[in-house]
Amino acid sequence: MKIIADENMPNVEALFSHLGTVELVNGRNLTHEQVKDADILLVRSVTKVTQALLAGSSVRFVGSATIGVDHIDLEYLAQANIAFSSAPGCNAEAVADYVFSALSHLYMTKKLPWLKRKIGVVGYGNVGKTVYQRFAQMGCEVCVYDPFKVPDQGDVNFVSLAEILTCDVISLHAPLTTSGSYPTKDMLGAEELSQLSSGVAIISAGRGGVINESALIERHKQLQGNMHLVLDVWDGEPLINQELAAIVDIATPHIAGYSKQGREKGTWMVYLALCEYLKIDAPSVVRGDAISAGWFASFDLSIQLPHEEVLARCVQAIYDVARDDVRLRYKYRENKESNVFDWLRKNYVERDEFNTCLIGSTGDASSLLGAIGFSVK
């Protein structure tokens, strides 16, 4: 059995090689010629899996080690009787970590408070739900917009998009869609952005194209730069709007979900799905062998500081989003790679998730650190 796999899927050879011959490829540039005689195709979000790619091939199973499926033509796969599996929720913790690392950066560099501010989350899928729950468990005033979710889900505070636009912090986690009752393409356009108040913080870690980038630049000018912008996703990836990148606080190359453990979970989930499709038992590989432990197993807090500073120091000890921003800007200035965006993703400096670290803490900080994602004694 021939297995074509994206070279950026961690552990893919170790997990799948007992099933067949694994050939690693550049997922962005994958061609029909490369997949025509393959049985299994394993991809990430950069590969557009369409009829043009697969028609006439021997592919019978497609696995995407990602949570989103906007890069997959699901209708064609169904028509062609090609099985499909993705990895919903695999990077939810990682993206939530990214959000709180971004807020920690804004606090430490600009003294932007957020614990007592109004928080709005757009999208209540696996990622949006995780982000929302962390804010809620911290006691924040948080609301969420998702017109596809039934607003009767316990204590979840579902609101309108108009209400979200009144928030001090807006965290975007919607998929990119262009049709249906609520398309998300340019969901935040000129009209919506005009409702934002001076000093708003926007964290975009879902899909590029949900924000109209030209309108965002214009609104930034109108507010005389008094916006706090963190962008991980871009319209037109792998190209980045350089005018927009120049004005944002943090610019990263679609790596919010790129924790070591999140990426490993994506591969692991697709592996289990393929074993189920093939009707074979997974071998003696256990989840603990496939998902890494963290570099920092634990540390203790001994100094009493304001809560937002305690959170920021702990968060940045595990993952400081500013390092990814600095690396992106440096590589674009250096301009030695033909595709800087994909080079950064392929050569990403691994990071751990907060949950890999056990913190010894006393006082009110303990509950906040637990809510934000750490393991707490």
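Residues numbered from 1 in each chain as written. Predicted model: local features only at pLDDT ≥ 70, side-chain atom pairs only at ≥ 80, totals over all residues. Heavy atoms only, no water.

1. Notes on the overall build of the protein chain
Piece 1. Helix and strand content of the protein chain: 16 helices and 14 strands.
Piece 2. Scaling as 2.2 N^0.38, a compact globule of 377 residues should have a C-alpha radius of gyration of about 21 Å, and the protein chain matches this with 21 Å.
Piece 3. Its C-alpha atoms give the protein chain principal-axis dimensions of about 55 × 50 × 45 Å.
Piece 4. Residues counted as buried form 53% of the 377 residues belonging to the protein chain.
Piece 5. Within the protein chain, counting contacts between residues at least 6 apart in sequence, those at least 24 apart form 62% of the total.
Piece 6. On the protein chain, roughly 16,400 Å² of surface is accessible, and the fraction owed to carbon and sulfur atoms is 49%. (Helix = DSSP H or I, 4+ residues; strand = E, 2+ residues; numbered from the N terminus. Rg over C-alpha atoms; globule rule 2.2 N^0.38 Å. Buried < 20%, exposed > 50% of the residue type's maximum accessible area, 1.4 Å probe, protein only. Contact = heavy atoms within 4.5 Å. Areas by Shrake-Rupley, 256 points an atom, 1.4 Å probe, with all protein chains shown as cover.)

2. Quick notes on the UniProt feature "binding site: substrate" (unreviewed entry) in the protein chain
Piece 1. Mapped onto the present numbering, the UniProt feature "binding site: substrate" (unreviewed entry) falls on S45, T66 and Y258. These annotated residues cover 214 residues of sequence, and their C-alpha atoms all fall within 12.1 Å of one another, placing them together at a single site. None of the other annotated residues line the largest pocket; only S45, T66 and Y258 do.
Piece 2. Discounting chain neighbours no more than four positions away, the residues touching T66 are R44, S45, H71, S86, A87, P88 and C90.
Piece 3. Looking at the element boundaries, Y258 is found in the loop between β11 (250-251) and α11 (260-277).
Piece 4. On the basis of relative accessible area, Y258 is assigned to the buried category, the value being 4%. (UniProt positions renumbered as here; feature names shortened; annotations may be inferred. 1 Å grid on protein atoms, 1.4 Å probe; cavity = no way out; pocket = protein on both sides within 12 Å on 5 of 7 lines; lining within 4 Å.)

3. Let's talk about helix α13 (residues 307-318)
Piece 1. Between the first and last C-alpha of α13 there are 17 Å, a value that for 12 residues agrees with the 16 Å anticipated at 1.5 Å per step.
Piece 2. Taken as a whole, α13 has its buried residues at E308, E309, V310, L311, A312, C314, V315 and I318.
Piece 3. Next to the buried residues of α13 lie α5 (92-110), β12 (298-300), β13 (358-360) and α16 (365-372). (Expected span 1.5 Å × (residues − 1).)

4. Some thoughts on the pattern of salt bridges
Piece 1. The final tally for this structure, using the stated rule, is 21 salt bridges.
Piece 2. Between R329 and D325 there is a salt bridge whose closest N-O contact spans 2.9 Å. In this pair, R329 and D325 are both assigned in helix α14 (residues 322-334), four residues apart and thus about one turn of the helix distant.
Piece 3. Residues joined in a network through salt bridges with shared partners are K331, E334, K336 and E337. (Salt bridge = Lys/Arg side-chain N within 4 Å of Asp/Glu carboxyl O.)

5. Quick word on the sheet that holds strand β14 (residues 375-376)
Piece 1. Pairing is parallel in the open sheet, where three strands are placed in the order β12-β13-β14. Each of the sheet's edge strands pairs with one partner strand only, and the pair in question is β12 and β14.
Piece 2. One ladder, built from two bridges, connects β13 with β14; its direction is parallel. If you follow L358 over to β14, its bridge partner there is S375. (Pairing = 2+ DSSP bridges.)

6. Thoughts on helix α6 (residues 126-137)
Piece 1. Between its first and last C-alpha, α6 extends 16 Å over 12 residues, near the 16 Å set by a 1.5 Å rise per residue.
Piece 2. Those residues of α6 not exposed but buried are V127, G128, T130, V131, Y132, R134 and F135.
Piece 3. Residues of α6 that are buried make contact with α5, β6 (118-122), β7 (141-145), β8 (169-172) and α16.
Piece 4. Phi turns positive one or two residues past the end of α6, at G139, with a value near 85 degrees.

7. Points about the domain arrangement of the protein chain
Piece 1. Taken domain by domain, the protein chain holds domain 1 (2-90 + 259-290), domain 2 (91-251) and domain 3 (298-376).
Piece 2. Taken over C-alpha atoms, the centre of domain 1 sits 29 Å from the centre of domain 3.
Piece 3. Taken together, the contacts link 10 residues of domain 1 with nine residues of domain 3.
Piece 4. Of the roughly 900 Å² buried where domain 1 meets domain 3, counting both sides, 35% is carbon and sulfur surface.
Piece 5. Taken as a group, S259, K260 and Q261 account for 46% of the area that domain 1 buries against domain 3, more than any other trio of residues on that side.
Piece 6. In this structure, E353 engages K265 in a salt bridge whose closest nitrogen and oxygen atoms are separated by 3.3 Å.
Piece 7. At the junction of domain 1 and domain 3, the tally comes to nine residue pairs in polar contact (both at pLDDT 80 or more).
Piece 8. Classifying every residue of the side of domain 1 that touches domain 3 gives one nonpolar, five polar and four charged. (Domains from an automatic or database assignment. Buried area = accessible area lost by both parts, 1.4 Å probe. Polar contact = N/O pair within 3.5 Å; in protein donor to acceptor, adjacent residues only side chain to side chain. Nonpolar A, V, L, I, M, F, W, Y, C, P; charged D, E, K, R; others polar.)

8. Observations concerning unusual backbone geometry
Piece 1. The linkage connecting E237 with the following residue, P238, adopts the cis geometry, with an omega of 10 degrees.
Piece 2. Considering the arrangement of structural elements, one finds P238 in the loop between β10 (228-231) and α10 (242-245).
Piece 3. Notably, D186 is not glycine yet its phi reads approximately 55 degrees, a positive angle.
Piece 4. Tracing the backbone shows D186 in the loop between β8 and α8 (190-193).
Piece 5. Overall, the relative accessible area of 31% leaves D186 in the partly exposed class.

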